[in-house]
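Observations on the model geometry
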Amino acid sequence: MAIINANRVVPLSGEDFRGQFERDVLAGLSASQKTLPCKYLYDETGSKLFEAICELDDYYLTRTEAKIFARSLQDMAVTLGDSVILIEPGAGNCEKAEPLLEAMDNPRAYFPLDISPEILLAAQHRIRHRLPDLEIVPVIGDFTSGDAWSRLPVSNARKVIFFPGSTIGNFAPEQARDLLERFAENLDSGDGLLLGADLVKDSVILERAYHDSNHITEAFNKNLLTRINSELNGDFNTDAFAHRAFYHSLRQRVEMHLVSLVEQHVSVSGRHFSFTEGETIHTENSHKYTLPGLQTLLRDTGFSPEKYWTDDKQHYAICYAHVR
Ligand code: AVJ
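- Under an unreviewed UniProt entry, the protein chain has the name L-histidine N(Alpha)-methyltransferase and belongs to Microbulbifer harenosus.

Take a look at the structure:
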């Protein structure tokens with residue numbers, strides 16, 4: 001069972017990235033409800049701020065997911081099966097996969113997929129140290145687009161896609177379906193998906209998680225403007241915007257916005273944008289699921305949900321499903 005085309009680490013050029021960032025920002029600021037894609041929250045500063053968020057008492061997601069993993073790792077490893085290739089879209093530092101790979105029975109290979117080559121190569125180094133026999137093939141690319149998936153090595157081994165961290169929550173229902181369909185297209189019948197999702201709960205708990213008392217989420221949100229200033233020659237005054245996060249119960253999501261505190265004009269890449277007082281830039285959605293909602297999403301996209309693990313308060317769920 002040879003793995004063909006291994007080690008195709010093809011980084012995006014800086015030029016491609018900047019061009020895409022600029023197009024997305026200018027289009028987002030031109031819309032009637034101004035919006036910015038949440039994936040741009042994660043530059044170096046943003047990634048550090050997100051790590052700080054994960055440590056906050058108010059932000060229960062990371063801690064709760066880690067608890068579920070710690071408690072059920074063996075059971076999950078058995079459910080995943082032996083001699084499996086683990087594929088992780090948006091793997092980042094690969095810290096969640098490492099203990100899972102260690103618990104798994106003779107994993108065939110690990111394919112972490114991410115837009116940042118530096119972080120993947122560092123993770124590859126670290127994991128190789130702990131699991132010297134494991135084949136690790138970092139794949140550089142955006143997992144929401146097809147070309148990243150086309151760069152995955154071809155293999156006839158059984159595959160499981162690992163998608164923890166409630167990243168699915170950043171996708172609106174229609175996009176979430178598209179994404180899971182893309183996952184299914186890159187799997188074969190019987191292959192698996194291990195998915196982490198945040199669950200619907202009391203709105204006070206939800207809103208505290210995204211409007212923490214340490215103001216780290218505020219800094220995380222505003223860093224997007226700082227990033228636009230430095231990378232796209234913008235002149236946002238971050239003090240003229242406020243952080244807002246609220247739970248929209250009908251849409252089952254926490255929305256994050258930046259609210260313009262005054263009427264003002266901003267320029268980005270030589271283009272001008274005006275804000276009325278109170279106008280917002282919508283910067284992120286974080287969708288919450290019910291267990292039945294999660295099952296419907298999985299069934300609608302070609303999967304059969306098999307098993308889920310949750311915490312005592314049912315704040316968070318990790319679900320295993322296989323491709324029908
Ligand atoms: C990384 C997408 C899971 O939506 O909870 C944290 C990002 N935004 N605080 C989330 C985030 C504000 C986070 N995810």
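**Some thoughts on the packing of helix α7 (residues 173-185) against helix α10 (residues 291-300)**
- Closest axis-to-axis distance for the α7/α10 pair is 9 Å, and the angle between their directions is 50°. Classified by the interaxial angle, the pair formed by α7 and α10 is oblique. Considering how the two elements wind past one another, α7 and α10 form a crossing that is right-handed. When α7 is examined against α10, the residues Ala176, Arg177, Leu180 and Glu181 are found in contact with a partner set consisting of Leu297, Leu298 and Asp300.
- Taken together, the residues of the contact of α7 with α10 break down into four nonpolar, no polar and three charged.

**Here's the deal with the site of the ligand**
- The ligand sits among 13 residues. The nearest are Tyr59, Gly165, Tyr210, Glu284 and Ser286.
- Contact between the ligand and Glu284: a nitrogen atom at 2.6 Å from a side-chain N or O atom of the residue.
- Interatomic distance of 2.7 Å between a side-chain N/O atom of Ser286 and an oxygen atom of the ligand.
- Considered on its own, the ligand offers 350 Å² of accessible surface; in the complex 97% of this is hidden by protein.
- Tallied by class, the residues present in the shell around the ligand amount to seven nonpolar, five polar and one charged.

**Some remarks on the sheet that holds strand β1 (residues 34-35)**
- Sheet architecture is open: four strands sit in the order β1-β12-β9-β8, paired in mixed fashion. Only two strands of the sheet have a single neighbouring strand rather than two, namely β1 and β8 (241-248).
- For β8 and strand β9 (residues 253-260), the ladder comprises eight bridges, and the chain directions are antiparallel. Residue Tyr247 lies in a different strand from β9, and its bridge partner there is Val254.
- Across the face of the sheet, helix α8 (residues 203-210) comes into contact with β8, β9 and β12 (280-287) while running at roughly 150° to β8.

**Describing the UniProt feature "domain: Histidine-specific methyltransferase SAM-dependent" (unreviewed entry) in the protein chain**
- Per the UniProt record, the feature "domain: Histidine-specific methyltransferase SAM-dependent" (unreviewed entry) sits at residues 21-321.
- Note that residues 21-321 is 38% helix and 26% strand, and that its end C-alpha atoms are spaced 34 Å apart.

**What about the environment of Leu86?**
- Of note, Leu86 is situated in strand β2 (residues 84-89).
- As for Leu86 and Leu193, which are separated by 107 residues in sequence, their C-alpha atoms are 9.5 Å apart.

**Points about the domain arrangement of the protein chain**
- When cut into domains, the protein chain gives domain 1 (28-55 + 202-287) and domain 2 (60-200 + 289-323).
- Here the C-alpha centre of domain 2 lies 28 Å away from the C-alpha centre of domain 1.
- Counting across the domain 1 and domain 2 interface gives one salt bridge.
- Asp142 is paired through a salt bridge with Lys39; the nearest N and O atoms lie 3.3 Å apart.
- The interface formed by domain 1 and domain 2 includes four residue pairs in polar contact (both at pLDDT 80 or more).
- Elements represented by at least two residues in the side of domain 1 that touches domain 2 include exactly α2 (44-54), α8 and β12.
- Grouping the amino acids of the side of domain 1 that touches domain 2 by side-chain chemistry returns seven nonpolar, four polar and three charged.

**Re the layout of surface pockets**
- For the second largest pocket, the calculated volume is near 290 Å³.
- Surrounding the second largest pocket, 14 residues form its lining, Arg63, Thr64, Lys67, Lys313 and His315 being those nearest its centre.
- Every element with two or more residues in the lining of the second largest pocket is listed here: α3 (60-80) and α8.
- Ranked by residues supplied to the lining of the second largest pocket, first place goes to α3 with six residues.

**Some words on the pairing of β9**
- With respect to burial, β9 is a largely interior element, eight of its eight residues being buried.
- Connecting the antiparallel pair β8 and β9 is a turn made up of four residues, with Gln252 showing a positive phi of about 55°.
- Here seven bridges tie β9 to β12, and the two strands are oriented antiparallel to one another. Bridge pairing links Arg253 to His287 in β12.

**Here we look at unusual backbone geometry**
- A positive phi angle is found at Ser166, which is not glycine, with a value near 60°.
- Considering the arrangement of structural elements, one finds Ser166 in the loop between β6 (158-163) and α7.
- Judged by its relative accessible area of 7%, Ser166 falls in the buried class.
- A positive phi is found at His215, a non-glycine position, where the angle reads about 60°.
- Relative to the elements of secondary structure, His215 occurs in the loop between α8 and α9 (216-231).

Reading guide: rules and limits
Residues numbered from 1 in each chain as written. Predicted model: local features only at pLDDT ≥ 70, side-chain atom pairs only at ≥ 80, totals over all residues. Heavy atoms only, no water. Axes fitted to C-alpha atoms, helices over the stretch in contact; angles between N-to-C directions. Helix = DSSP H or I, 4+ residues; strand = E, 2+ residues; numbered from the N terminus. Parallel < 35°, antiparallel > 145°, perpendicular 65-115°, else oblique. Left-handed = near helix turned anticlockwise from the far one by under 90°. Contact = heavy atoms within 4.5 Å. Nonpolar A, V, L, I, M, F, W, Y, C, P; charged D, E, K, R; others polar. Near = heavy atom within 4 Å. Polar contact = N/O pair within 3.5 Å; in protein donor to acceptor, adjacent residues only side chain to side chain. Areas by Shrake-Rupley, 256 points an atom, 1.4 Å probe, with all protein chains shown as cover. Pairing = 2+ DSSP bridges. UniProt positions renumbered as here; feature names shortened; annotations may be inferred. Domains from an automatic or database assignment. Salt bridge = Lys/Arg side-chain N within 4 Å of Asp/Glu carboxyl O. 1 Å grid on protein atoms, 1.4 Å probe; cavity = no way out; pocket = protein on both sides within 12 Å on 5 of 7 lines; lining within 4 Å. Points joined across faces, edges and corners; volume = space filled by probe spheres on them. Buried < 20%, exposed > 50% of the residue type's maximum accessible area, 1.4 Å probe, protein only.

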